[in-house]
Amino acid sequence: MIKHLSPLLLMLLLLPALHVKAQDYDDPNVYLKAVNNAQADFNKVYMSYISAAWHSNRAGKVARLRQLVEDNITTCRYKIIDLPYYKHDNLLRQSNIDYLWLLNKVFNEDYKHLVNMEEIIDQSFDKMELYLLLQERINDTLKAAADRMEQAEKDFAAKYNVPLTDSRSKATQKMELANKVGKYHDKVYLLFFKCLWQESQVMDAIDKKNITKIEQARSALLKYATDGPLALDTVGAYDNDASLAGACRQSLAFFTKEAETGIPKISDFLLKQENFTKLKAAFDAKPRNTQTKEDKDNYDKAEKELTADFATVSQTYKGLLAERNKAIVNWNNIDQKFTDAHVPYY
């Protein structure tokens, strides 16, 4: 299996906590702290989920943390709903409620849709691309809501003279960084996956011994593999780290070689096998007493050549399989190192 390193949801919320001493909700410092405190426990769970989605290979752990996030969204939302308006001003409170409502919708509706899509994304490049685009759209929608929430906090602080030491918490900055890494990663991953999926179409056609479809799929694979490096030139490196793009280039080089030299040998053998099958059928159809020496010589020669070709193409196929596995292992290893290096841990 190819691990897809892009995490499911990279939302940006995590309001900065303020250190204030007042105890009365009439004090704007205390009111803002109450809003932030309502978020505090949720933020910890949410950060753990995001970190696990990026870095953990344990699907069960990610699923448990996701459920914990769902539970804490509701708890946090009710805490903020229970807060009164601040002097008839509801903007800060409502921006948090709206965000949490949207987050709840994502985890209960959009997330389930993405999970359902995960069952079919390997079926085509278009489905994988749609999956990643939908994920990105959800993230962008949540970021916009989080930005409105942050702006509401700034407006509240400015209106009521509340000093903000940092309008953007370190956690928020880490979330933004994870989102940036994810977008870069997906662009490179799609170039890799496009060839990987197209290669699977070639192998399916080979299994079915459909020479026409083999050639069609091979031509498409060759185009994707040779176009990929140009696209990688546009994508470039991430923060001076070209390792992920380099791993993709290596895999594209293999797919190019496979399409140019390896697959044609397999296709040629299947064509010879098909012709031999026809020759054998015609030979067997002749009564033995009518089979000439030339007929037998032609048959024996074709059978001998096919046996030799089979040995050769078997070695070719084994070689391709070994190179393919090497390219995929290399991609997965570098992909993991890239993620570990650039996505913050929580």
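Here goes a summary of the coordinates provided. Since the model is a prediction, treat every value here as computed from it, not as a measurement. (Residues numbered from 1 in each chain as written. Predicted model: local features only at pLDDT ≥ 70, side-chain atom pairs only at ≥ 80, totals over all residues. Heavy atoms only, no water.)

This part covers the overall build of the protein. A tally of helices and strands in the protein yields eight helices and zero strands. N-terminal to C-terminal, the α/β element order of the protein is α-α-α-α-α-α-α-α. Relative to its full complement of 346 residues, the protein shows a buried share of 46%. Accessible surface, the protein as shown: approximately 18300 Å² in total, 53% of it carbon and sulfur. (Helix = DSSP H or I, 4+ residues; strand = E, 2+ residues; numbered from the N terminus. Buried < 20%, exposed > 50% of the residue type's maximum accessible area, 1.4 Å probe, protein only. Areas by Shrake-Rupley, 256 points an atom, 1.4 Å probe, with all protein chains shown as cover.)

Tracing the chain through its elements places Q198 in helix α5 (residues 170–207). Note on Q198: relative accessible area 7%, which makes it buried. Excluding residues that lie within four positions of it along the chain, Q198 makes contacts with A217, A220, L221 and Y224. (Contact = heavy atoms within 4.5 Å.)

This part is about the nonpolar core. Within the largest apolar cluster, 79 residues are counted, with the highest numbers of intra-cluster contacts made by F42, Y46, V69, L103, F107, C248 and W331. Counting residues per element, this core draws most heavily on α5, at 17 residues. If you look at the next biggest cluster of nonpolar residues, it comprises twelve residues, including Y31, V35, L83 and Y160. (Core = buried A, V, L, I, M, F, W, Y, C linked by side-chain atoms within 4.5 Å.)

A word on the state of the cysteines. Such a bond, covalent and formed between the sulfur atoms of two cysteines, is termed a disulfide. Going through the model one piece at a time under the given rule, you end up with zero disulfides. Looking at the unpaired C248, the closest cysteine sulfur is the one in C195, lying at 7.5 Å. Judged by relative accessible area, which is 0%, C248 ranks as buried. (Disulfide = S-S within 2.5 Å.)

Following the criterion strictly, the structure yields 16 aromatic pairs and no others. Geometrically, the ring pair formed by F283 and Y299 is stacked, given 4.7 Å between the ring centres and 10° between the ring planes. With F283 in helix α7 (residues 243–285) and Y299 in helix α8 (residues 293–342), this residue pair connects regions lying 16 residues apart in the sequence. Side by side, F283 and Y299 carry an identical accessibility label, which is buried. Linked through ring pairs, Y31, Y86, F156 and Y160 together constitute an aromatic cluster. Looking at R77, its charged tip hangs above the ring of Y78, at a distance of 5.9 Å from the centre. Across the ring face of Y224, the terminal group of K194 is positioned such that the distance to the ring centre comes to 4.4 Å. (Phe/Tyr/Trp six-rings, centres within 6.5 Å; stacked < 30°, edge-to-face > 60°. Lys NZ or Arg CZ within 6 Å of the ring centre and 35° of its normal.)

Its place among the elements puts Q291 in the loop between α7 and α8. At 3.0 Å, the side chain of Q291 forms a polar contact with the backbone oxygen of F283. (Polar contact = N/O pair within 3.5 Å; in protein donor to acceptor, adjacent residues only side chain to side chain.)

Even without being glycine, K87 reaches a positive phi, approximately 50°. Along the polypeptide, K87 turns up in the loop between α2 (59–81) and α3 (91–118). You can call K87 exposed: its relative accessible area is 53%. You will see that K209, though not glycine, has its phi angle at about 55°, which is positive.

Relative to the 63 Å expected for 43 residues at 1.5 Å per residue, α7 spans 61 Å between its end C-alpha atoms, a close match to the ideal helical length. Maximum bend of α7: about 45°, positioned at E258. (Expected span 1.5 Å × (residues − 1). Bend = angle between axes of the 7 residues up to and from the residue.)

Under the criterion given, the structure shown has 14 salt bridges. A salt bridge links E215 to R218, with the shortest nitrogen-to-oxygen separation between them at 2.8 Å. With E215 and R218 both in helix α6 (residues 211–235), this residue pair falls three residues apart, about one helical turn. R218 sits in the buried class, given a relative accessible area of 14%. K223 is paired through a salt bridge with D227; the nearest N and O atoms lie 2.8 Å apart. On the criterion of helical spacing, the pair formed by K223 and D227 is a turn pair, its members being four residues apart in helix α6. (Salt bridge = Lys/Arg side-chain N within 4 Å of Asp/Glu carboxyl O.)

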